[in-house]
Amino acid sequence: MTFFDLVITGFTFITFFVGIALVLKPSVHGLNNRLIGVAFLILSAVFSYVILRSTGLLVKFPHLLRISSPFIYIIGPLFYLYVRNGMLGKSKINKIDWLQMFFLDKVAALSQ
């Protein structure tokens, strides 16, 4: 295991536990905490794929080859909604926001 593998493993555990804490902890800014928490959980899934690939364990678990690929595209819209709701002081997501997020996710997935 190289130093890079150890660093990515540390990032994976940190993002996973911070994501769980943000999603489950009730607070005044509940929606923003949930948005950034879900983004961190998705990042931890992507980091875990990187760990499997760099250590060679992907050969032992081939069914996990592309499991994190669709989730990569939702991280950007989640961060956008987090920043926008934080700056505008909104506490809910409108229907048009869900539509834009779905559309941006599909455009990003098709452009690959």
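Coordinates for the structure precede this section.
Residues numbered from 1 in each chain as written. Predicted model: local features only at pLDDT ≥ 70, side-chain atom pairs only at ≥ 80, totals over all residues. Heavy atoms only, no water.

Topic: the packing of helix α2 (residues 30-55) against helix α3 (residues 69-88)
What describes two packed helices is the angle between their axes and the distance between those same axes. Rules: All axes here are fitted lines through C-alpha atoms, helices being fitted over the stretch that makes contact, and every angle between N-to-C directions spans 0 to 180 degrees. Numbering goes from the N terminus for both helices and strands, where a helix is a DSSP run of H or I of at least four residues and a strand is a run of E of at least two. Roughly parallel here means an angle under 35 degrees, roughly antiparallel means over 145, roughly perpendicular means 65 to 115, and every remaining angle is called oblique. Each crossing is labelled by how the near helix is turned from the far one, with a counterclockwise turn of less than a right angle marking it left-handed and a clockwise turn marking it right-handed. Any pair of residues with heavy atoms lying within 4.5 Å of one another is described as a contacting pair.
Relative to each other, α2 and α3 sit at 155 degrees, their axes nearing to 9 Å. Classified by the interaxial angle, the pair formed by α2 and α3 is roughly antiparallel. As for how α2 packs across α3, the hand of that crossing is left-handed. For the pair α2 and α3, contact is made by L31, N32, L35, I36, V38, A39, I42, L43 and V46 and by F71, I72, I74, I75, L78, F79, L81, Y82, N85 and G86, respectively.

Concerning α2
Operational definition: Take the number of residues in a helix, subtract one, and multiply by 1.5 Å to get its expected span.
For α2, built from 26 residues, the straight-helix expectation of 38 Å at 1.5 Å per residue is met to within 8% by its first-to-last C-alpha distance of 37 Å. One or two residues past the end of α2 sits G56, with phi positive at roughly 85 degrees.

Regarding the nonpolar core
Keep this limit in mind: Here, nonpolar core refers to any group of buried Ala, Val, Leu, Ile, Met, Phe, Trp, Tyr and Cys residues whose side-chain atoms link them within 4.5 Å. Only protein chains enter the accessibility calculation, which uses a 1.4 Å probe; a residue is then buried when its area is under 20% of its type maximum, exposed when over 50%, and partly exposed in between.
Formed by L31, L35, A39, I42, I74, I75, L78, L81, I93 and M101, the largest nonpolar core amounts to 10 residues. For this core, the elements supplying multiple residues, two or more each, are α2 and α3. Dropping the residues within four chain positions of it, L31 is found in contact with N85, S91, K92 and I93.

Let's talk about the side chain of R84
Position of R84 relative to the elements: it lies in helix α3. According to the relative accessible area criterion, R84 is buried, its value standing at 13%. Not counting the four nearest positions on each side in its chain, R84 is found in contact with K90 and D97.

Considerations on the packing of aromatic side chains
Our working definition: Centre distance within 6.5 Å is the pairing criterion for rings of Phe, Tyr and Trp, where only the six-membered ring of Trp is used; planes under 30 degrees apart are then read as stacked, over 60 as edge-to-face, and the remainder as tilted.
Inspection of every chain in the model, using the stated rule, returns three aromatic pairs. On the basis of an interplanar angle of 15 degrees and a centroid distance of 6.5 Å, the ring pair of F13 and F17 is categorised as stacked. Linking F13 with F17, this pair stays in helix α1 (residues 3-24), spanning four residues, or about one helical turn. When the ring of F16 is compared with that of F17, the centres are 5.4 Å apart and the planes differ by 70 degrees; the resulting orientation is edge-to-face.

Some thoughts on α3
Inspection of α3 places S69, Y73, I74, I75, P77, L78, L81, R84 and N85 among the buried residues, and these make up the whole buried set. Where α3 terminates, the next one or two residues include G89, which has phi positive at roughly 75 degrees.

Focus: the packing of α1 against α2
For the record, the criterion: Each residue is assigned to one class: nonpolar for Ala, Val, Leu, Ile, Met, Phe, Trp, Tyr, Cys and Pro, charged for Asp, Glu, Lys and Arg, and polar for all the others, Gly among them.
At a minimum axis separation of 7 Å, α1 and α2 run at an interaxial angle of 155 degrees. Between α1 and α2, the angle falls in the class roughly antiparallel. Crossing hand, α1 versus α2: left-handed. Taken together, the residues of the contact of α1 with α2 sort by class into 16 nonpolar, 10 polar and two charged.

With respect to the environment of P77
With respect to the element layout, P77 can be found in helix α3. The buried category is assigned to P77, whose relative accessible area is 11%. Expressed as a C-alpha distance, the spacing of P77 and F13, which sit 64 residues apart in the sequence, is 23 Å.

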